[in-house]
Amino acid sequence: MMGWISLEFQATNSPFTAEQAELLNRLLPALTDVQRIWLSGYLSASLQSGAGVASPMSTSSTSVAASAAPVVSVPKDVTVLFGSQTGNAQGLAKKLAQQLTAQGFDVTLSSMGDYKTNNLKKVHNLFVLASTQGEGDPPDNAIPFYEFLQSKRAPQLAETKFAVLGLGDTSYEFFCQTGKDFDKRLEELGAERIVPRADCDVDFEEQAGEWIGAVLSALGEATAASVAVASPEATASVNEEASPYSRTHPFAAEVLENLNLNGRGSDQETRHVELSLEGSGLQYEPGDSLGVYPQNHPQLVEDILQATGWNGDETITLNKNGDTASVRDALLHHYEITVLTKPLLEKVAGLADNEQLDALLEEGREQDARTYLQGRDLLDLIQDYGLGHIPADEFLSLLRKIPARLYSIASSFKASPDEVHLTVRKVEYEQHGRQRYGVCSVHLAERLEAGDTLPVYIQHNDNFKLPKDSTTPIIMIGPGTGVAPFRSFVAEREETGAEGKSWLFFGDRRFATDFLYQTEWQRWLKDGVLTRMDVAFSRDSDKKVYVQHRMLERSRELYEWLQEGAVLYVCGDEKHMAHDVHLTLEQILMQEGNMSQEAAAEYLSTMLQQKRYQRDVY
Ligand SMILES: Cc1cc2nc3c(=O)[nH]c(=O)nc-3n(C[C@H](O)[C@H](O)[C@H](O)COP(=O)(O)OP(=O)(O)OC[C@H]3O[C@@H](n4cnc5c(N)ncnc54)[C@H](O)[C@@H]3O)c2cc1C
Ligand SMILES: NC(=O)c1ccc[n+]([C@@H]2O[C@H](COP(=O)([O-])OP(=O)(O)OC[C@H]3O[C@@H](n4cnc5c(N)ncnc54)[C@H](OP(=O)(O)O)[C@@H]3O)[C@@H](O)[C@H]2O)c1
Ligand SMILES: Cc1cc2nc3c(=O)[nH]c(=O)nc-3n(C[C@H](O)[C@H](O)[C@H](O)COP(=O)(O)O)c2cc1C
């Protein structure tokens, strides 16, 4: 509920006479919040209608029909729920809630993970904002609510109006699947959709802003609320938080250091990058990520120019604002050229007049199209279908903006003020007969030196946070680059003198070359900042040894730590590691806690809900 600022009306600095000011000062402090909302709505509606406030007010607590003014009612409750892994849906939910609150609605804003589902049947207006993770899965903090809603226990919602905003990425097969699932299920439960679902791609600001605008308008009409609905201009673009730098307005951070953490002879390259945030006002907490806007590989850009014959120096318009750049710069800095999506293929087919491409998009050939898109880039598309004849400006206008990459922050702001450190593994591989370079990791590894700058922003993540009570034990499982946030956690705990026990499981390929931050862990162990560390080097012996094998070896102690209330964190590979670690945790609970498989699963689910099991996986 919006807080009320106490005002003292003075006849001298207001348009009121002394008598009116005195009356107002007597009346206003005595009003309840509902009465104030009602009054503000009544006055606003009267002014909008030009009717003045001459009509007598009804004392009805729900609505009033002034003879010449629009229908006025007490604004209804609104519940805004978000399911978010890295904070995008959460940020949008917060914005929607702020705008609704500013308009006098009684707003409940909650993560799905914290929401008490028995309140659901009382909700009149429900807005759901959810991203999709994994392969079409809900984010971690949405899982219990998602499962509840899909289950038979979900209530009928005939009295509920709703709308859903999905966040996703069109390069994934199950685009915005979680948003689609929520939308379908709420309808099945009898709720009334008041705004069509929006499925947003990685560049979501504009579409999400339009959806928020539509929700505000629809709610205004549906409740006959007396409040003025924000103008489309005010809601069309979603502004970022109060910080001057954000996802849409990144800070040019200077590179302080860029080192390879892997030893000579390693078959991997992992960069430790230190950036300066000085002068930006940006701050972060352990568990947050840094968004980095990279540049495409110059060789790929030159190859595209060569394959098409486009003039790299020709000037083109980049966006609706009329910003311009040369074709070469646009390919280097502005557009995504390494990922193909189905919507892109369809748009290109519209320009290309190419029978083969049209055939690939025919109904019934969805799997062929998916197979084609896998691992191919713009150069493949241009070469495979001979698309060099399409003019540069037309082709480029179809491309997505180059999306930022997220990196778990590996430093503590308290320990290294005005700095942010990253641990970035270089992605390079061969596919479809050509060497491929990970856009951001290769940019950082090969073309970024101390003194250069990089556009960055902080992505706050409430779902991956140290416990508030610094005496709570923590267990950190982070193989490979998954170790990054734990460097931040331990540095923070050292800096703040936290007394809680801490235990790190780290794994990588080889002890001799791939033990990331080895000397720092050893110092922290020696100083007692880190209580325990177990390592698993997978390629030092014939048999693969992974972090979960070490967890099993220590299952008794691990179970005891969990029983003592430890918070458990997992960071790194989502596809295999996080699943295997989850299964291993189940196994440990069954073995050490004498639980059935169902009981172990329930134990972990409760831990998830209580934020004692947090994951930052990618
Ligand atoms: C919350 C979060 C935190 C993250 N933290 C970190 C971190 O701390 N450190 C870190 O290094 N990364 C981290 N990542 C991953 C990071 O964001 C990037 O995805 C990663 O660096 C690759 O980006 P890129 O631009 O270099 O590669 P891209 O150009 O985006 O290419 C990557 C794509 O290449 C393909 N690919 C990769 N390897 C192969 C292969 N061997 N064979 C075939 N195809 C392949 C895959 O399709 C992959 O999606 C994090 C991601 C998230 C979401
Ligand atoms: N989107 C991207 O392009 C991108 C880029 C970078 C990383 N990532 C993701 O981030 C993950 C982390 O990458 P990384 O290079 O830091 O490390 P990684 O590939 O996860 O490897 C770290 C260690 O984990 C081991 N490992 C492999 N499978 C495992 C499993 N099922 N359970 C537990 N450990 C396992 C590896 O062993 P072996 O290798 O010897 O089997 C290695 O010793 C990647 O796997 C990938 O999914 C994605
Ligand atoms: C590991 C991972 C898996 C993802 N899987 C999907 C997916 O299956 N479908 C989809 O549409 N988007 C997928 N996305 C994209 C996210 O939904 C998108 O980045 C979204 O903006 C994240 O919002 P959030 O910060 O609120 O979680 C995935 C992103 C990541 C990092």
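The preceding data block contains the structure.
Keep in mind it's a predicted model, so treat the numbers as computed, not measured.

A.B. asks: What should I look at first to understand the sheet that holds strand β14 (residues 405-408) in this one?
C.D. replies: Within a beta sheet, neighbouring strands are joined by backbone hydrogen bonds and run either parallel or antiparallel to one another. Across the sheet, 6 strands lie side by side as β14-β11-β18-β9-β10-β15; this open sheet has antiparallel pairing. Only two strands of the sheet have a single neighbouring strand rather than two, namely β14 and β15 (419-425). Taken over all neighbouring pairs, the strand axes of this sheet differ in orientation by 40° on average, direction set aside. Both strand β9 (residues 251-260) and strand β10 (residues 270-276) contribute to a ladder of 6 bridges, which runs antiparallel. Opposite Asn258, over in β10, you have Val273 as the bridge partner. Packed onto the sheet, helix α15 (residues 439-446) meets β9, β10, β11 (289-292), β14, β15 and β18 (453-459) and runs at close to 65° relative to β14.

A.B. asks: Explanation requested: unusual backbone geometry in the structure shown.
C.D. replies: Phi is mostly negative for residues that are not glycine, and the peptide bonds are mostly trans. Even without a glycine there, the phi angle at His432 is positive, about 45°. Residue class for His432 comes out partly exposed when judged on its relative accessible area of 39%. The phi angle at Lys611 is positive, at roughly 60°, despite the residue not being glycine. By secondary structure assignment, the location of Lys611 is in the loop between α22 (597-609) and β23 (613-617).

A.B. asks: Teacher, can you tell me more about the environment of Glu278 here?
C.D. replies: Here Glu278 lies in the loop between β10 and β11. Counting along the chain gives 140 residues from Glu278 to Asp418, while the straight-line C-alpha distance between them is 5.1 Å. Ignoring any residue separated from it by four or fewer positions in sequence, one finds Glu278 in contact with Phe251 and Asp418.

A.B. asks: Looking at this model, I keep getting lost on the site of ligand 1. Mind explaining?
C.D. replies: Taken together, 19 residues are adjacent to ligand 1, and Leu406, Tyr407, Thr423, Cys440 and Ser441 come closest. Leu406 has a polar backbone atom sitting 2.6 Å from an oxygen atom of ligand 1. Taking Thr423, its main chain carries an N or O atom lying 2.7 Å from a nitrogen atom of ligand 1. Protein contacts shield 65% of the accessible area of ligand 1, which totals 980 Å² for the unbound molecule. Among the elements of the structure, β14, β15, β16 (428-431) and α15 are those that each provide at least two residues to the shell around ligand 1. No other element matches β14, which puts 4 residues into the shell around ligand 1. The residue makeup of the shell around ligand 1, split by class, is 9 nonpolar, 7 polar and 3 charged.

A.B. asks: When you look at the sheet that holds strand β22 (residues 567-572) in this model, what are you seeing that I'm missing?
C.D. replies: One open sheet holds the 5 strands; their spatial order is β21-β20-β19-β22-β23, and the pairing between them is parallel. In the strand order of this sheet, the two ends are held by β21 (532-537) and β23, each with one partner. For this sheet, the mean angle separating the axes of adjacent strands, direction not counted, is 10°. When strand β19 (residues 474-477) meets β22, the two strands line up parallel, connected through 4 bridges.

A.B. asks: I keep staring at helix α20 (residues 555-563) and nothing clicks. Help me out?
C.D. replies: Each turn of an α-helix holds 3.6 residues, which means side chains three or four residues apart point in the same direction. Within the span of α20, buried status applies to Ser555, Leu558, Tyr559, Trp561 and Leu562. Looking straight down α20, one finds that the buried residues subtend no more than 160° of arc, so they occupy a single side. Phi turns positive one or two residues past the end of α20, at Gly565, with a value near 100°.

A.B. asks: Is there a simple way to think about the nonpolar core in this case?
C.D. replies: Soluble globular proteins: nonpolar side chains tend toward being buried together. Judged by nonpolar contacts, the single largest core of 37 residues is most densely connected at Ile304, Trp310, Leu331, Val348, Leu381, Phe395 and Leu396. At the level of secondary structure, the elements contributing two or more residues to this core comprise α8 (298-308), α9 (327-334), α10 (342-352), α11 (355-360), α12 (366-373), α13 (378-385) and α14 (392-396).

A.B. asks: What is the right way to look at the pattern of salt bridges in this model?
C.D. replies: Between side chains of opposite charge, a pair can form as their charged atoms come close. This structure, assessed with the given rule, holds 45 salt bridges. Across the pair Asp527 and Arg523 runs a salt bridge whose closest N-O atoms are separated by 3.2 Å. Here Asp527 and its partner Arg523 are both found in helix α18 (residues 518-527), 4 residues apart, which amounts to about one turn of the helix. Accessibility expressed as a relative area gives 42% for Asp527, which makes it partly exposed. Owing to a relative accessible area of 38%, Arg523 belongs among the partly exposed residues under this scheme. Three or more residues are tied together by salt bridges with common partners; here these are Asp183, Glu187, Arg193, Arg197 and Asp199.

A.B. asks: Just checking my understanding: could you explain the site of ligand 2 for this structure?
C.D. replies: In the region of ligand 2, 18 residues are neighbours, and Thr481, Ser538, Lys544, Tyr546 and Asp573 sit closest. In this structure, Thr481 approaches ligand 2 through a main-chain N or O atom, which is 2.7 Å from an oxygen atom. A distance of 2.7 Å separates an oxygen atom of ligand 2 from a polar atom in the side chain of Ser538. Considering ligand 2 on its own, with 850 Å² of exposed area, one finds that the protein chains cover 72% of that surface. Among the elements of the structure, β20 (502-508) and α21 (577-593) are those that each provide at least two residues to the shell around ligand 2. When grouped by side-chain class, the residues that make up the shell around ligand 2 number 5 nonpolar, 6 polar and 7 charged.

A.B. asks: I tried to follow the side chain of Glu574 on my own but got confused; where do I start?
C.D. replies: Here Glu574 is to be found in the loop between β22 and α21. Buried charge Glu574 goes without a salt bridge, the closest partner of opposite sign being Lys575 at 5.3 Å. Leave out the neighbours within four places in its chain, and Glu574 touches Gly134, His579, Val617 and Tyr618.

A.B. asks: Quick question: what am I supposed to make of the packing of α20 against α21 here?
C.D. replies: Axes are the key here: two packed helices are described by the angle between their axes and the distance separating the axes. One can describe the packing of α20 onto α21 by two numbers: an axis separation of 9 Å at closest approach and a directional angle of 90°. Viewed along their axes, α20 and α21 adopt a mutual orientation that is roughly perpendicular. Facing α20, whose interface residues are Ser555, Arg556, Leu558, Tyr559 and Leu562, α21 presents Leu585, Ile588, Leu589, Gln591, Glu592 and Gly593. Of the residues in the contact of α20 with α21, the class split is 6 nonpolar, 3 polar and 2 charged.

A.B. asks: Would you explain the state of the cysteines in this entry?
C.D. replies: Cysteine pairs can be linked by a disulfide, which is a covalent bond between their two sulfur atoms. Counting across every chain of the model gives 0 disulfides. We note that Cys176 lacks a disulfide partner, and the nearest cysteine sulfur, in Cys200, lies 6.6 Å from it. Cys176 gets classed as buried once you look at its relative accessible area, which sits at 1%.

Here is what the cut-offs are and how they apply
- Residues numbered from 1 in each chain as written.
- Chains lettered and ligands numbered in written order.
- Predicted model: local features only at pLDDT ≥ 70, side-chain atom pairs only at ≥ 80, totals over all residues.
- Heavy atoms only, no water.
- Pairing = 2+ DSSP bridges.
- Helix = DSSP H or I, 4+ residues; strand = E, 2+ residues; numbered from the N terminus.
- Axes fitted to C-alpha atoms, helices over the stretch in contact; angles between N-to-C directions.
- Contact = heavy atoms within 4.5 Å.
- Buried < 20%, exposed > 50% of the residue type's maximum accessible area, 1.4 Å probe, protein only.
- Near = heavy atom within 4 Å.
- Polar contact = N/O pair within 3.5 Å; in protein donor to acceptor, adjacent residues only side chain to side chain.
- Areas by Shrake-Rupley, 256 points an atom, 1.4 Å probe, with all protein chains shown as cover.
- Nonpolar A, V, L, I, M, F, W, Y, C, P; charged D, E, K, R; others polar.
- Arc of directions from axis to C-beta.
- Core = buried A, V, L, I, M, F, W, Y, C linked by side-chain atoms within 4.5 Å.
- Salt bridge = Lys/Arg side-chain N within 4 Å of Asp/Glu carboxyl O.
- Lys, Arg positive; Asp, Glu negative; His and termini not counted.
- Parallel < 35°, antiparallel > 145°, perpendicular 65-115°, else oblique.
- Disulfide = S-S within 2.5 Å.

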